[in-house]
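One-letter residues, chain by chain:
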Amino acid sequence: MLSGASPTTPTAPGVAPLPLGRLNEVLRNERAPTDLREARAALLELARRKSGHLPAEWLVAQALRVSEGTDWAAQRAALEALLRRIGFASRDALSVEKRPARGALWGRYVLAGQRRSESGRGRKSERRPYDVDVYGLEPLAASCNCADFLRSSLGLCKHLLVVLEDIAQQRRSARSFDPAGLPPAARPELCWEPVRAWTGRGDRLEGLRWGAGASAAPAPRGGRGASARAQRAAAQALGGGAALRRALEDEAARGALVQLLLERYEAQPASAEPAALALLREERDLLARLSAGALAAGEALPHLKSLRRRLYPYQIEGVQRFLERQRLLLADDMGLGKTTQAIAACHALYCAGRVERGLLIVPAPLRDQWQREWQATTDRAPLAVVEGRAEERARRFEQTKRGFLVMSYEQLLRDLGAVRRFAPSLIVLDEAQRIKNWTTKSSAYVTSLQPEWRLVLTGTPLENRLEELATLLDWVDDSALAPKWRLAPWHTSWAPGAASERTGARHLDTLRERLAPCLLRRVRREVLRQLPPRSDVRVPVEVSAPQREEHDARVPAIARLVQSARRRPLRQPEFLALMQLLAQQRIVSNGLALLRFDEVWPVYSAARADEALLVSSASPKLAEFRRVLSQLVLEQKRKVVVFSQWRKMLRLAEWAVRDLLEDAGLSSVFFTGEESQRARSANVAAFHEQPGVCVMFLSDAGGVGLNLQHAANACINLELPWNPAVLEQRIGRIYRLGQKDPIDVINLVSEYGIEARIAGLVGNKHALFSGLFDGTTDTVRFEGPASFIGDIERLLEPIEVPELEARDDSLESAPDADLEPALEAEPAPPVATEQARELPPAARESEQPSASGAPASAAPGAPDIARLFASVAVSTTAEGGLRIEAPPDAAAALSQLLSGFAQLLQAAAPPRR
């Protein structure tokens, strides 16, 4: 390629050398240059290392030109972006196929290169021509019709670099080639300035210029729907400046301007720069899409009336925005109904005949949830889940001529070819942060799909870096945040004199203005008055392979005990073993960190929680809880109550978010029964009165009598309890008289095994206990034991279990008789025997916490027994009878104690003669 200054040249002419120590400090990002002279010297050193045969001085001059008026971070980023394109030019098989007239250096070059893409059968490439015009090199004056030239704001692309190499070869003396010694040529009539404004809207059409070579402005032409006034404004706009800006802000005048220019220069392409024509064609396509979207919205919106559920005004606005623009990143706060808005849009477009086939790409654990939400929202647009073996999935795609399919990101990697043949005209991406890294296959495969309608859903559009947000937007509007190389340096605040110490963000107004057309985000406080009094959100959590193994290892023993229960009532030891196995499965669903708490807690408690440590713990629920709490507390500025049945799970959860809260100057408190009465009272007071105390971790001991409606308006359940009544007790701590805000109930549910099935039973008002509080008493009514065993069977995966022989009816014959004790497991459901019907109601409601906060099934010690009896009041009625009164938790514990004692006596008594 081009050669210029020798690599050993210390500086460009006229640039004084820097002391080596100071130069190295700048290069290592230990400090920023103090002036332009230092910046130029440092950039020259960087350019020499990677510029190949290009003159380093020329590259530095171009970097400083496109970053004029900025600071060191942007200047360095501009040079690094230029150097990357040198690598791209070397990597790709680009060749010059057509040159200007013989002997001429300036003019039109035509290149062809291999354009690589992903297909269902692997990677393929195709030849694509590119037009490159060169008018001069010092300063650079050139144009290319490739997408990178239109978006990079560098005035350079890999195609142009190949042309420069070709020019050098034509001079036959690369070593003596001096770009400054070649006078520039005249530019065509229609020019375009490729460097986008650093602030403001950054409308790319503002870079259009009516060149000096034009004899007269093109005259307006009538027709095609443009008003005479709009056409006159378009013609005036070609003078540039304020007239151009006014025309671009008026929709009709903007369309007329694009039409006017294309009519002239598509007929005379030599009179326009390649980039100017390419930009006008992109703008024409955008305007046509917006026009089609407005028409489609008018046809589709009336069909929202036929939805099964009513939309709130802000949700209708979200649907309308998507319909009108056809492509949208919907980034509403968690709990505002992004899924509902997406389904409503699909329903409206399908019913209006605008979309025949659509595809939902979602994380694997969310497929079933999408199907449930779909059925609850629409009965007119059909939906099917893509699942099964490869041939079954392929058949599903082939047989679906109308309607929608839902598949996972992992399936897309295997079925890309089938998806392309399915040819959906609408695609919805859920939890789209999955494609935030453009280097992953998921991102490449998704962005290779080009449907007419594209809806991207995420509650966390920006997790770490602005570049991730730009990657999400690439599929929606790849010019919104272009160029990407500017994002980090230009929108990051740097400490004075420092080159790597970040102090915050800047130029956010520019970001908002450029995101406004393609991104819609509503935070909870903006739509508070529209929200329902209570929103229940189920957050599915993936289960790790070690969790599945631990969970499934207990299934055979559970199945054997259930099979025995079909034949006869279980004995007390058998029943307790069954309950213990089920509790262990639930513990495993919360994570192996809970299952092995005593082993791992000394290590975890001394470490700072991070993503790697959470992943290594095989406890994905803790990672999901960290994400959810961050949204509720750090982003939405709310106070939250967090429930778990296991106190050790609460300790793990507090550890998982401790660093997030501490970094924000916030804290949390506990209310679990382990604290003294004084500490519990102090924690409740702090939660109400101190703004910095924003999270309260509660066991079910906090589920009775604690009023938190004046402090919190969000509740997170780390797991669902067996009994739906206990779930309502938890929620009732904040959802009660005096609550002024709508509340959100977030249920974390492991989408595998027992926990997912419990969620289904609770959701259908069919919990394991099949009991309901009547609202006025502490009693709970349960169905018979057969129903209970039936519900247990519904929790089991289908499994073949050999028939048990008569001698195997005893617990001692079961292989899992020596069972690991459950960690603070909740009490077992009522005993599935005939004797269970005789237990008092308080004993049957086994989830009532004890007075100490421990589960009711925990065996009380001597002091506890004395305290329990002390809480019992015995009085004489007017009729001479006795009235025995006790608090619900004391009644439950005493009844269990006395019942167990009676069974022991009965077992020890000699048989009657």
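Given the structure is predicted, the values throughout are model-derived calculations rather than measurements. (Residues numbered from 1 in each chain as written. Predicted model: local features only at pLDDT ≥ 70, side-chain atom pairs only at ≥ 80, totals over all residues. Heavy atoms only, no water.)

Here's the deal with the confidence of the model for the protein
Residues of the protein with pLDDT of at least 70 account for 74%, and the chain-wide mean is 79. Here helix H32 (residues 841–844) is the element of the protein with the lowest mean pLDDT, 30, and strand S11 (residues 426–429) is the one with the highest, 98. (pLDDT = per-residue confidence, 0-100. Helix = DSSP H or I, 4+ residues; strand = E, 2+ residues; numbered from the N terminus.)

Digging into the packing of aromatic side chains
According to the stated counting rule, one finds 10 aromatic pairs in the structure shown. Residues phenylalanine 397 and phenylalanine 422 carry aromatic rings whose centres are separated by 5.6 Å and whose planes lie at 65° to one another, so their mutual orientation is edge-to-face. With phenylalanine 397 in helix H14 (residues 390–399) and phenylalanine 422 in helix H15 (residues 409–422), this residue pair connects regions lying 25 residues apart in the sequence. What makes phenylalanine 397 buried here is its relative accessible area of 5%. You can call phenylalanine 422 buried: its relative accessible area is 3%. Members of the aromatic cluster, joined through ring pairs, are Trp198, Trp485 and Trp490. Lying across the ring of tryptophan 475, arginine 454 places its NZ or CZ 5.5 Å from the centre. Across from the ring centre of phenylalanine 671, 4.4 Å away, lies the NZ or CZ of arginine 680, which sits over that ring. (Phe/Tyr/Trp six-rings, centres within 6.5 Å; stacked < 30°, edge-to-face > 60°. Buried < 20%, exposed > 50% of the residue type's maximum accessible area, 1.4 Å probe, protein only. Lys NZ or Arg CZ within 6 Å of the ring centre and 35° of its normal.)

Points about the sheet that holds strand S17 (residues 640–643)
With respect to topology, 6 strands assemble into an open sheet ordered S16-S21-S20-S17-S19-S18, the strand pairing being parallel. Edge positions in the sheet fall to strand S16 (534–541) and strand S18 (667–671), since each of these pairs with one other strand and no more. Neighbouring strand axes in the sheet, compared pairwise and without regard to direction, differ in orientation by 20° on average. In this sheet, strand S19 (residues 693–698) lies alongside S17 in parallel orientation, the contact comprising 4 bridges. Its bridge partner lying in S19, valine 641 is registered against methionine 696. Sheet contacts for helix H27 (residues 647–663): S17, S18 and S19; angle to S19, the most-contacted strand, approximately 165°. (Pairing = 2+ DSSP bridges. Axes fitted to C-alpha atoms, helices over the stretch in contact; angles between N-to-C directions. Contact = heavy atoms within 4.5 Å.)

A short note on the pairing of S19
A large share of S19 lies buried, amounting to 6 of its 6 residues. What joins S18 to S19 is helix H28 (residues 677–689), and the crossover it makes is right-handed. (Right-handed = clockwise from strand over helix to strand, strands pointing away.)

Overview of the side chain of lysine 338
Mapped onto the elements of the fold, lysine 338 is located in helix H12 (residues 338–351). In this structure lysine 338 is buried but unpaired, with glutamate 431 as the nearest side chain of opposite charge at 6.2 Å. At 3.1 Å, the side chain of lysine 338 and the backbone oxygen of aspartate 332 are in polar contact. Setting aside residues up to four positions removed in sequence, lysine 338 forms contacts with Leu330, Ala331, Asp332, Asp333, Leu457, Thr458 and Gly459. (Lys, Arg positive; Asp, Glu negative; His and termini not counted. Salt bridge = Lys/Arg side-chain N within 4 Å of Asp/Glu carboxyl O. Polar contact = N/O pair within 3.5 Å; in protein donor to acceptor, adjacent residues only side chain to side chain.)

Topic: the packing of H12 against helix H13 (residues 367–377)
The geometry of a pair of packed helices is captured by two quantities: the angle between their axes and the separation between those axes. The contact between H12 and H13 brings their axes to 10 Å, and the two run at 60°. Of the possible angle classes, the one that applies to H12 and H13 is oblique. Two packed elements cross with a definite hand, and for H12 against H13 that hand is right-handed. On H13, the residues that touch Thr339, Thr340, Ala342, Ile343 and Cys346 of H12 are Trp370, Glu373, Trp374 and Thr377. Each residue belonging to the contact of H12 with H13 can be placed in one class, and the counts come to 5 nonpolar, 3 polar and 1 charged. (Parallel < 35°, antiparallel > 145°, perpendicular 65-115°, else oblique. Left-handed = near helix turned anticlockwise from the far one by under 90°. Nonpolar A, V, L, I, M, F, W, Y, C, P; charged D, E, K, R; others polar.)

Looking at the pairing of strand S8 (residues 357–362)
When you tally the buried positions in S8, you get 5 out of 6 residues, the bulk of the element. Judged from the 6 bridges that link them, S8 and strand S10 (residues 403–408) form a sheet pairing that is parallel. When the sheet's bridge partners are listed, arginine 357 is paired in S10 with glycine 403. Relative to S11, S8 runs parallel, the two sharing 4 bridges. Note on S11: the bridge partner recorded for leucine 359 is isoleucine 427.

A look at the environment of methionine 579
Mapped onto the elements, methionine 579 comes out in helix H22 (residues 572–590). Under the relative-accessibility criterion, methionine 579 is labelled buried at 5%. When the C-alpha positions of methionine 579 and isoleucine 558 are compared, they lie 9.0 Å apart, and in sequence the two are 21 residues distant.

Observations concerning H15
Between its terminal C-alpha atoms H15 stretches only 16 Å, short of the 20 Å expected from 14 residues at 1.5 Å a residue. Along H15, the sharpest kink reaches roughly 85°, centred on aspartate 415. Here H15 has its buried residues at Tyr409, Gln411, Leu412, Asp415, Leu416, Gly417, Ala418, Val419 and Phe422. With its phi angle positive at about 50°, alanine 423 sits one or two positions after the end of H15. (Expected span 1.5 Å × (residues − 1). Bend = angle between axes of the 7 residues up to and from the residue.)

Structural notes on the sheet that holds strand S9 (residues 383–385)
Taken in spatial order, the 7 strands of this open sheet run S9-S10-S8-S11-S12-S7-S15, and their pairing is parallel. The sheet terminates laterally at S9 and strand S15 (519–520), the two strands that pair on one side only. Here 2 bridges tie strand S7 (residues 327–330) to S15, and the two strands are oriented parallel to one another. Considered in S15, the bridge of leucine 330 is made with leucine 520. In the packing of helix H11 (residues 313–325) onto the sheet, the strands contacted are S7, S11, strand S12 (453–457) and S15, and the crossing angle to S7 comes to about 150°.

Quick notes on empty space enclosed by the protein
Under the counting rule described, the total for this entry stands at 9 cavities of 30 Å³ or more. Considered as a void within the structure, the second largest cavity measures approximately 90 Å³ in volume. Contributing to the lining of the second largest cavity are Trp198, Ala480, Leu481, Ala482, Pro483, Arg486, Leu487, Trp490, His491, Thr510, Leu511 and Arg514. The set of elements that each furnish at least two residues to the lining of the second largest cavity consists of helix H18 (487–490) and helix H19 (508–515). By residue number, the principal contributor to the lining of the second largest cavity is H19, which donates 3 residues. The residue inventory of the lining of the second largest cavity, partitioned by class, reads 8 nonpolar, 2 polar and 2 charged. (1 Å grid on protein atoms, 1.4 Å probe; cavity = no way out; pocket = protein on both sides within 12 Å on 5 of 7 lines; lining within 4 Å. Points joined across faces, edges and corners; volume = space filled by probe spheres on them.)

Some words on the packing of helix H10 (residues 274–300) against H11
At a minimum axis distance of 6 Å, the contact between H10 and H11 shows a crossing angle of 135°. Compared by their axis directions, H10 and H11 come out oblique. In this structure, H10 contributes Arg289, Leu290, Gly293, Ala294, Ala297 and Ala300 to the contact, and H11 contributes Leu323, Glu324 and Arg325. Considering only residue class, the contact of H10 with H11 consists of 5 nonpolar, 1 polar and 3 charged.

Re unusual backbone geometry
A cis geometry characterises the amide bond from alanine 482 onward to proline 483, with omega recorded as -5°. You can see proline 483 is positioned in the loop between helix H17 (466–474) and H18.

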